[in-house]
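Structural overview
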Amino acid sequence: RSSSWGAHPQSHLVHHEALRLACATHERAVGAVHEALSAAGAEVRAHDARAPAIPRADMEWAHVCLALGGDGTVLRAAHATPAGKLIVGVNTDPARSVGALCSASVGPRDADADARALVGRLGAADYRVQLLPRLRVTVECEAAALAPEAAAAGSAAGAEGAVEGAASADGRRR
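Anyway, here's the lowdown on the structure attached to this text.

Definitions and limits used
- Residues numbered from 1 in each chain as written.
- Predicted model: local features only at pLDDT ≥ 70, side-chain atom pairs only at ≥ 80, totals over all residues.
- Heavy atoms only, no water.
- Helix = DSSP H or I, 4+ residues; strand = E, 2+ residues; numbered from the N terminus.
- Expected span 1.5 Å × (residues − 1).
- Salt bridge = Lys/Arg side-chain N within 4 Å of Asp/Glu carboxyl O.
- Buried < 20%, exposed > 50% of the residue type's maximum accessible area, 1.4 Å probe, protein only.
- Polar contact = N/O pair within 3.5 Å; in protein donor to acceptor, adjacent residues only side chain to side chain.
- Contact = heavy atoms within 4.5 Å.
- Pairing = 2+ DSSP bridges.
- Right-handed = clockwise from strand over helix to strand, strands pointing away.
- Phe/Tyr/Trp six-rings, centres within 6.5 Å; stacked < 30°, edge-to-face > 60°.
- Lys NZ or Arg CZ within 6 Å of the ring centre and 35° of its normal.
- Arc of directions from axis to C-beta.
- Core = buried A, V, L, I, M, F, W, Y, C linked by side-chain atoms within 4.5 Å.
- Axes fitted to C-alpha atoms, helices over the stretch in contact; angles between N-to-C directions.

Let's shift gears to helix H4 (residues 111–123). Compared with an ideal rise of 1.5 Å per residue, which puts 13 residues at 18 Å, H4 spans 18 Å between its outermost C-alpha atoms and is within 8% of the ideal. Remark: Ala 125 follows H4 within two positions and exhibits a positive phi of approximately 55 degrees.

Take a look at the structure:
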């Protein structure tokens, strides 16, 4: 018997266990960072990166945005954070994740010690700022250019070639 998860019928259980372990590791790291920040006297406003929207006021209020997770979380934070705000990517599962955009990690072996070290470095301004380019792209199209059935469905499917676009990286149309 085959499964969509692989040749072994029980392989979905292996994937489920790996996902459960990854989530537990992440939650432990998030808790350790929150505790370390609170112990240092920092005010913390935490938001789930999977939430549909992060309140802009919270992102403007903060001195620094700690993106706890992996590269996807860092990218989501970059989208929600005002330009010029310091974002620190923290890989919460370095044993299983590369975290190329993360400059710190809080690992599963000693999350508490890693979190205290991270907060200590932030408090002492013991970090190197790495400026990464941010590109904002806006696509403009005429709704009338969409095929009627695609416009009704709210999708550009089936309207290939009918959408005109413009990209802007610096405010100038290209």
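It is worth spelling out the pattern of salt bridges at this point. Under the definition given, this model contains six salt bridges. With a closest N to O distance of 2.6 Å, Glu 17 and Arg 20 form a salt bridge. Residue Glu 17 and its partner Arg 20 are both found in helix H1 (residues 11–39); the two are separated by three residues, about one turn of the helix. Given a relative accessible area of 43%, Arg 20 falls into the partly exposed group. Across the salt bridge formed by Arg 96 and Asp 93, the nearest N and O atoms sit 3.1 Å from each other. Here the salt bridges do not stand alone but share partners, grouping Glu 43, Arg 45 and Asp 58 into one network.

This paragraph deals with the side chain of Asn 91. Topologically, Asn 91 is positioned in strand S2 (residues 86–91). Separated by 3.0 Å, the side chain of Asn 91 and the backbone oxygen of Ser 97 make a polar contact. Those residues within four positions of Asn 91 in sequence are excluded, and the remaining contacts are Gly 69, Ser 97, Val 98, Gly 99, Cys 102, Ala 104, Ser 105 and Val 106.

Both strand S1 (residues 64–69) and S2 contribute to a ladder of six bridges, which runs parallel. Across the sheet, Cys 65 pairs through a bridge with Ile 87, a residue of S2. Handedness of the crossover is the feature at issue here: the chain leaves S1, passes through helix H3 (residues 71–80), returns alongside S2, and the resulting connection is right-handed.

Quick look at the packing of aromatic side chains now. Applying the stated criterion to the full structure yields zero aromatic pairs. The ring of Trp 61 has Arg 45 sitting right over it, with the charged end atom 4.0 Å from the ring centre.

Next up on the list: H3. Along H3, the positions that sit buried rather than exposed are Val 74, Ala 77 and Ala 80. Along the long axis of H3, the arc covered by the buried residues comes to 125 degrees, so they all point the same way. Away from its buried face by more than 90 degrees, H3 exposes Gly 72, Leu 75 and His 79. Check the buried side of H3 and you find it contacts helix H2 (56–61), S1 and S2.

The next point concerns the nonpolar core. Formed by 14 residues in total, the largest nonpolar core has its most connected members in Val 33, Val 90, Val 106, Ala 115 and Leu 118. Secondary-structure elements contributing two or more residues to this core are H1, S2 and H4. For this core, the element with the highest residue contribution is H1, accounting for five residues. Excluding its chain neighbours within four sequence positions, the residues that come into contact with Val 106 are Ala 29, Val 33, Val 90, Asn 91, Thr 92, Pro 94, Ala 111, Asp 114, Ala 115 and Leu 118. In terms of nonpolar packing, the next biggest core, distinct from the first, is built from eight residues, Met 59, Cys 65, Ala 67 and Val 74 among them.

Further remarks concern the sheet that holds strand S3 (residues 104–105). Across the sheet, which stays open at both edges, the three strands sit in the order S1-S2-S3 with parallel pairing between neighbours. At either end of the open sheet lies a strand with only one pairing partner, and these are S1 and S3. The sheet contacts of H3 involve S1 and S2, and relative to S1 the element is tilted by about 150 degrees.

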